[in-house]
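A look at the structure
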Amino acid sequence: MIHELRVYHCMPGKLPALLNRFDTITLKIWERFGIRQAGFWTVEIGESNQALYYLLEWESLAEREQKWTAFATDPDWLEKRAGTERDGPIVSHITNAILKPTAFSKVK
């Protein structure tokens, strides 16, 4: 199992809009493509409370490439994402990392 950590850094005040987009649009589209999430988090105490952290689970890098590309180019997703950004962008930038578990990690 491969885990991908993604961090969406929001434009000021736009975190609620991003959370709503995931809750009402993104997750439903992910289900169609078989994209599996392991969890979502916002920052209670830390550097910025305008970020969304989440983990995705992949069987392999090949699975990630195939499913993420299909999602990212899906016309329904592109149309709905554009609709949520009519008043400007929600996310300023995204960072991601493919994580490798240590020998002593409970999660493999």
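Residues numbered from 1 in each chain as written. Predicted model: local features only at pLDDT ≥ 70, side-chain atom pairs only at ≥ 80, totals over all residues. Heavy atoms only, no water.

**Describing the packing of helix α1 (residues 15-33) against helix α3 (residues 75-84)**
Where α1 meets α3, the closest approach of the two axes is 11 Å, and the angle between their N-to-C directions is 170°. On the basis of the axis angle, α1 is roughly antiparallel to α3. Contact residues: Arg21, Ile25, Thr26, Ile29 and Arg32 in α1; Asp76, Trp77, Lys80, Arg81 and Thr84 in α3. Among the residues making up the contact of α1 with α3, the classes are represented as 3 nonpolar, 2 polar and 5 charged. (Axes fitted to C-alpha atoms, helices over the stretch in contact; angles between N-to-C directions. Helix = DSSP H or I, 4+ residues; strand = E, 2+ residues; numbered from the N terminus. Parallel < 35°, antiparallel > 145°, perpendicular 65-115°, else oblique. Contact = heavy atoms within 4.5 Å. Nonpolar A, V, L, I, M, F, W, Y, C, P; charged D, E, K, R; others polar.)

**So, the UniProt feature "domain: NIPSNAP" (unreviewed entry) in the protein**
Residues annotated by UniProt as "domain: NIPSNAP" (unreviewed entry) correspond here to residues 4-106. Between the end C-alpha atoms of residues 4-106 there is a gap of 16 Å, over a span that is 40% helix and 30% strand. (UniProt positions renumbered as here; feature names shortened; annotations may be inferred.)

**Brief notes about the pairing of strand β1 (residues 2-10)**
Side-chain positions along a regular strand alternate between the two faces of the sheet. Most of β1 sits out of view: 7 of its 9 residues are buried. As defined by bridge partners, β1 adjoins strand β3 (residues 51-58) across 8 bridges and the pair is classed as antiparallel. In the strand pairing of β3, His9 is matched with Ala51. (Buried < 20%, exposed > 50% of the residue type's maximum accessible area, 1.4 Å probe, protein only. Pairing = 2+ DSSP bridges.)

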